[in-house]
Amino acid sequence: MNHRKRIVRRAAAEIPPELAGLRPVLARVVAARQLQDSRELEHALEHLAPYHSLVGIEAAIALLADALVQRQRILVVGDFDADGATSTAVAVRALQAMGAREVDFLVPNRFEYGYGLTPEIVAVARERGPDLIVTVDNGISSIAGVRAAREAGIRVLVTDHHLPGAELPEADAIVNPNQPGDPFPSKNLAGVGVIFYLMSALRAHLREAGWFADQGIGEPNLARLLDLVALGTVADVVPLDHNNRILVAQGLARIRAGVACAGILALTEVAGRRREQLVSADLGFAVGPRLNAAGRLDDMTLGIRCLLTDEPEEARRLAFELDRLNRERRSIEEEMREQALSELKRAQWDAQERLPLGLCLYDPAWHEGVIGILASRIKERVHRPVIVFTDASNGQIKGSARSIPGLHIRDALDAIAARHPELLTKFGGHAMAAGLTLEREALAPFSGAFDQEVRRHLCAEDVEGVVLSDGALAPDEATLETAELLRNAAPWGQGFPEPLFDGEFDVVQQRVVGERHLKLVVKWPQGRSCLDVIAFNADFDQWAAAGERIRLAYRLSVNEFRGERTVQLIAEHVEPM
């Protein structure tokens, strides 16, 4: 199966006068990402959107302040991914710093309880005797769970960022920028961003009430938690709008300075990254997956403990255990991916035009904790929305969905549920990722309904593999100075993609390094100057077919070796000339 990609250059954007003071390369890149003013590249905390417009924020503050004054037991109920883990750590650390005496956390094991504040999790929570449950990164769809908690006499504060359904839970307070009628401007906050905002608002309230002076405790500096906010935001792949870029930039600055929590520093170390040079991509592809591995294969309690400890040795021990789980996860994922690709061939879907536009894959033996990653990998391979299913319990199957630009996957599931209410047991998620549960016998009709719904929004041209380029760089632009300029300009990521350029090069030499990577030296046609290129996890057959004159899509990178810093191209795609 060979679903080819092609390089397509972004349409040239007119550079607004407010960007004229930037270096030409940077101005061109950010204008293509719809930035209108250079102030959108400023990352001071003073530029954050204020918390006051969040619907429910005052009721949430009142709940928490009352819990502090009354010395109540607070139980934080999190989610089993990196956003949920960092959200839990932010809530626990902030509440403890503000004087909460009894704060505990509970994160559902995905293999026993599934997602969110379910009635079953409430039953487990009751054993700890909480007066107040605070959900983080979940709860907006927990209708039955919130009802069960309140019937047990437990107050509930929901903090979440997922899109709500038609019915909201009857919680004592809800803070979610995506709930109906909420005017908060940054709808892209991750769960960790929502709880950070709430903790900031609570601190302001307690300051005005004289709480810190009365209790004889110092007012906490919540900026110390921004390393956690940055990690959860990037790992959850939410769009990096200006607000989120500020949060991520501030957190990265703390990590680089070595003033992050012990767990993040340890995870950075075991991932083989230099904290002084850490960028947002390292959080997404190195640190985040190690934290996520706990929730995928074991219990996210392990990851949360790593983020809560202040002891470097304990953090390092836990980080090594998370690294071991991540290596196990990669092995499982590789096996599942090969099985999935074999299934596509067996079904004779080995040509792009034969694939359904909305693709569903199922294997009862696939690991429930890894199907989300598998869906992402298959989506990257076939360039269309993908849902991967595996067996759950009680005759049900669980699916993890990943989408492409042009299809809001959660809205697509909502539309299917409206037309075929008998098919979906439950679902939830974002524009680009979602989770769902079906009865096993509903898989075939759901697969057809999913493909039909995708075809309502996408056509064959939409699922062609496209590598979006910011155009060519002149030889005098492909420099170390330009690489550092772009690296420091902004946290790049979802919705604000890292600059990618393309150009023609002659291949001077190439060799395999580390079994799966390709190291090349290329030069500009009719030129003498050479550049180093690294192609990670290279498709060797594709490179061999490209020949000696290639068109390369690449990112500029800074390579540091033995104290010497040089520019290096990181290959993303290659085409023959």
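Below or above, wherever it landed, is the structure these notes cover. Treat the numbers as computed from the prediction; the structure is a model and nothing was measured.

1. Structural notes on the packing of helix α8 (residues 226–235) against helix α11 (residues 280–297)
α11 packs onto α8 with a crossing angle of 90° between their chain directions and a minimal axis gap of 9 Å. Considering the angle they form, α8 stands roughly perpendicular to α11. Between α8 and α11, the residues in contact are Ala230, Leu231, Val234 and Ala235 and Ser280, Leu283, Gly284, Val287, Gly288 and Leu291, respectively. Looking at the contact of α8 with α11 residue by residue, the class counts come to seven nonpolar, three polar and no charged.

2. Here we look at the nonpolar core
The tendency in soluble globular proteins is for nonpolar side chains to be buried as a group. Counting 146 residues, the largest nonpolar core has Met199, Leu202, Trp543 and Leu552 as the members making the most contacts within it. Tallying contributions element by element places helix α6 (residues 191–208) first for this core, with 11 residues. Those residues in contact with leucine 552, other than ones at most four positions away along the chain, are Ile7, Phe501, Asp502, Gly503, Phe505, Val533, Trp543, Leu569, Ala571, His573 and Val574. Among the nonpolar cores identified, the runner-up in size contains 26 residues, and Ile387, Ile416, Ala442 and Leu443 belong to it.

3. Examining the packing of aromatic side chains
The full count for this structure, using the stated rule, is seven aromatic pairs. For the ring pair phenylalanine 184 and tyrosine 197, a centre distance of 5.1 Å and an interplane angle of 80° mean the geometry is edge-to-face. In this pair, phenylalanine 184 sits in the loop between β6 (173–175) and α6 while tyrosine 197 sits in helix α6, placing the two residues 13 residues apart along the sequence. Under the relative-accessibility criterion, tyrosine 197 is labelled buried at 5%. Among the aromatic residues, those joined into a ring-pair cluster are Phe501, Phe505, Trp524 and Tyr554.

4. Re helix α15 (residues 409–419)
Taken as a whole, α15 has its buried residues at Ile409, Arg410, Ala412, Leu413, Ala415, Ile416 and Ala417. Buried positions along α15 lie against β8 (386–391), β9 (396–402), β10 (424–429), β11 (433–439) and α16 (443–457).

5. Thoughts on unusual backbone geometry
In most cases, non-glycine residues show a negative phi, while peptide bonds are predominantly trans. Positive phi outside glycine occurs at glutamine 34, with the angle close to 70°. For glutamine 34, the position within the fold is in the loop between α1 (24–32) and α2 (57–69). One non-glycine residue, valine 237, lies in the positive phi region at around 55°. One can find valine 237 in the loop between α8 and α9 (242–256).

6. Let's talk about the packing of helix α3 (residues 82–97) against α11
The geometry of a pair of packed helices is captured by two quantities: the angle between their axes and the separation between those axes. The contact between α3 and α11 brings their axes to 8 Å, and the two run at 85°. With respect to α11, the element α3 is oriented roughly perpendicular. Every residue of α11 that contacts α3 at Ala82, Ala85 and Thr86 is listed here: Gly288, Leu291 and Asn292.

7. Thoughts on the sheet that holds strand β5 (residues 155–159)
Strand order in the open sheet made by the five strands is β3-β2-β4-β5-β6, with parallel pairing throughout. If you trace the sheet from one side to the other, it starts and ends with β3 (102–106) and β6, each paired once. Ignoring which end each strand starts from, the neighbouring axes of this sheet average 20° apart. In the sheet, strand β4 (residues 132–136) pairs with β5 via five bridges, with the strands oriented parallel. Paired with leucine 132 across the two strands is arginine 155, which belongs to β5. Along the sheet, α2 makes contact with β2 (73–77), β4, β5 and β6, crossing β5 at roughly 130°.

Rules used throughout
Residues numbered from 1 in each chain as written. Predicted model: local features only at pLDDT ≥ 70, side-chain atom pairs only at ≥ 80, totals over all residues. Heavy atoms only, no water. Axes fitted to C-alpha atoms, helices over the stretch in contact; angles between N-to-C directions. Helix = DSSP H or I, 4+ residues; strand = E, 2+ residues; numbered from the N terminus. Parallel < 35°, antiparallel > 145°, perpendicular 65-115°, else oblique. Contact = heavy atoms within 4.5 Å. Nonpolar A, V, L, I, M, F, W, Y, C, P; charged D, E, K, R; others polar. Core = buried A, V, L, I, M, F, W, Y, C linked by side-chain atoms within 4.5 Å. Buried < 20%, exposed > 50% of the residue type's maximum accessible area, 1.4 Å probe, protein only. Phe/Tyr/Trp six-rings, centres within 6.5 Å; stacked < 30°, edge-to-face > 60°. Pairing = 2+ DSSP bridges.

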